[in-house]
Amino acid sequence: KNEVEQSPQNLTAQEGEFITINCSYSVGISALHWLQQHPGGGIVSLFMLSSGKKKHGRLIATINIQEKHSSLHITASHPRDSAVYICAVPPQGGSEKLVFGKGTKLTVNP
Amino acid sequence: DTGVSQDPRHKITKRGQNVTFRCDPISEHNRLYWYRQTLGQGPEFLTYFQNEAQLEKSRLLSDRFSAERPKGSFSTLEIQRTEQGDSAMYLCASSLGVLFRETQYFGPGTRLLVL
């Protein structure tokens, strides 16, 4: 079974700050997903990456396959970035399902 | 709006009643997933379909739970004889192809409260 750990669990920042959220997993994977969940419950897929780095607007995701670690960065954070950020990986054995972390709750204050 | 819809958005029921949720995926997506999420936790996998075939079920999916995707389009998740522990957000997602190469698109979820 692939275990997923995220840190921190909660993060409060001031508008404009640089944010880093971390994700570690226990078993080698083919791809890792970063997801965003707003208070209403809806989940949006932000990134799927298997190596290196991806960038979309102010969001940057990196992954180190050897160290089994990924980070999600937000530059110039804004109150609308306030959400829960979740990383997810496939379990061991090539199953189609995802194993999710518990999420990091980000609050960006104006 | 991701293009995946779920109905109802909220459901309050009494213990012992049956409930049914519906998910309409993005039309060309052949894969459909059901997840359950409790407060403060990440989603947990319940089951997934490729077209109309249910290919994998979690041990979380007890005998009281059943899911169908009869024509490979919309899907239903039924919970029989609901228990208070079934209270959760039930999320549906769809994707075009293989999980590891395609993004999953999530619906808004159905929040179930069992009294």
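Above this text sits the structure in question.
Fair warning: this is a prediction, and the values are worked out from it, not measured in the lab.

A. Quick peek at the overall build of chain B. Within chain B, the regular secondary structure consists of zero helices and 11 strands. What you see for chain B is a C-alpha radius of gyration of 13 Å, in line with the 13 Å of a compact globule of 115 residues. Taken along the three principal axes of its C-alpha coordinates, chain B extends 40 × 25 × 20 Å. Burial statistics for chain B: of 115 residues in total, 47% are counted as buried. Counting contacts in chain B only where the partners sit at least 6 residues apart, residues at least 24 apart contribute 54% of the total. Carbon and sulfur atoms make up 44% of the accessible area of chain B, which totals about 5,800 Å². Distance between charge centroids for chain B: 5 Å, based on 15 positive and 13 negative side chains.

B. Main features of unusual backbone geometry. For the bond running from Ser7(A) to Pro8(A), omega is -10°, close enough to zero to count as cis. Among the secondary structure elements, Pro8(A) is positioned in the loop between β1 (4-7) and β2 (10-14). Following Asp7(B), the chain continues to Pro8(B) via a peptide bond in cis, the omega torsion being -5°. Assignment of secondary structure puts Pro8(B) in the loop between β1 (5-7) and β2 (10-13).

C. Representation of the sheet that holds strand β7 (residues 65-68) of chain B. Residue and element names in this part refer to chain B. The four strands are arranged β1-β3-β8-β7 in an open sheet whose pairing can be described as antiparallel. Of all strands in the sheet, those bounded by a partner on one side alone are β1 and β7. Each strand of the sheet is rotated relative to its neighbour by a mean of 15°, with strand direction disregarded. Here strand β3 (residues 19-24) runs beside strand β8 (residues 75-79); their pairing, made up of five bridges, is antiparallel.

D. Structural context of the nonpolar core. In this structure, Leu32(A), Trp34(A), Phe47(A), Leu49(A), Leu72(A) and Tyr85(A) are the most contacted members of the largest nonpolar core, which totals 23 residues. Secondary structure elements with two or more residues in this core: β3 (19-25), β4 (32-37), β5 (43-49), β7 (59-64), β8 (69-74), β9 (83-89) and β11 (104-109) of chain A. Phe49(B), Phe65(B), Leu77(B) and Ala88(B) belong to the second-largest nonpolar core, a separate cluster that totals 19 residues.

E. Representation of the packing of aromatic side chains within the structure. On inspection of all chains with the given rule, the structure shows six aromatic pairs over all chains. Considering the side-chain rings of Phe100(A) and Tyr35(B), the 5.2 Å spacing of their centres and the 85° angle between planes classify their relative orientation as edge-to-face. With Phe100(A) in strand β10 (residues 99-100) and Tyr35(B) in strand β4 (residues 31-37), this pair bridges two chains. A relative accessible area of 10% places Phe100(A) in the buried class.

F. Representation of the interface of chain A and chain B in the model. Contact with chain A, which involves 21 residues of that partner, is made by 26 residues of chain B. Both faces considered, chain A and chain B share a buried interface measuring about 1,800 Å² in area, 59% of it formed by carbon and sulfur atoms. Our count for the chain A to chain B interface comes out at zero salt bridges. Counting across the interface, chain A meets chain B through one residue pair in polar contact (both at pLDDT 80 or more). Here the residues of the side of chain A that touches chain B sort into eight nonpolar, 10 polar and three charged.

Scoring rules and cut-offs
For every chain, the first residue of its written sequence is number 1, and the numbers climb from 1 along that sequence. To label them, take the chains in the order written and letter them from A, then take the ligands in the order written and number them from 1. Local features in a predicted model are, by the rule used here, given only for residues with pLDDT of at least 70; side-chain atom pairs are given and counted only at 80 or more, and totals for whole chains, interfaces and linings are based on all residues. Just so you know, side-chain values use all the structure's heavy atoms and leave hydrogens and water out. Numbering goes from the N terminus for both helices and strands, where a helix is a DSSP run of H or I of at least four residues and a strand is a run of E of at least two. All radius of gyration figures rest on C-alpha atoms, and the globule criterion is 2.2 Å times the number of residues raised to 0.38. Here's how the labels work: a residue is buried when its accessible area is under 20% of the maximum for its type, exposed when over 50%, partly exposed in between, all with a 1.4 Å probe on protein chains only. Any pair of residues with heavy atoms lying within 4.5 Å of one another is described as a contacting pair. Each accessible area is a Shrake-Rupley result for a 1.4 Å probe, and residues are judged covered by the shown protein chains and nothing else. For this count, His and the chain ends are skipped, Lys and Arg are scored as positive, and Asp and Glu as negative. Positions of charges follow a simple convention, taking NZ of Lys, CZ of Arg, CG of Asp or CD of Glu. Two strands form a pair only when DSSP identifies at least two bridges running between them. Where helices are involved, their axes are fitted lines through C-alpha atoms of the stretch in contact, as for all axes, and angles between N-to-C directions lie from 0 to 180°. Here the nonpolar core consists of buried residues drawn from Ala, Val, Leu, Ile, Met, Phe, Trp, Tyr and Cys, with membership extended through side-chain atoms lying within 4.5 Å. Each aromatic pair joins two rings of Phe, Tyr and Trp (for Trp, the six-membered one) with centres within 6.5 Å, and gets the label stacked for planes under 30 degrees apart, edge-to-face for over 60, and tilted for any other angle. Summed over both partners, buried area is the accessible surface (1.4 Å probe) that two parts give up on being assembled. Definition used for salt bridges: Asp or Glu carboxyl oxygen within 4 Å of a side-chain nitrogen of Lys or Arg. Between N or O atoms, a polar contact is any pair within 3.5 Å; within protein, one atom must be a potential hydrogen donor and the other a potential acceptor, and residues adjacent in sequence are included only when both atoms are from side chains. Each residue receives one of three labels: charged for Asp, Glu, Lys and Arg, nonpolar for Ala, Val, Leu, Ile, Met, Phe, Trp, Tyr, Cys and Pro, and polar for the others, Gly being one of them.

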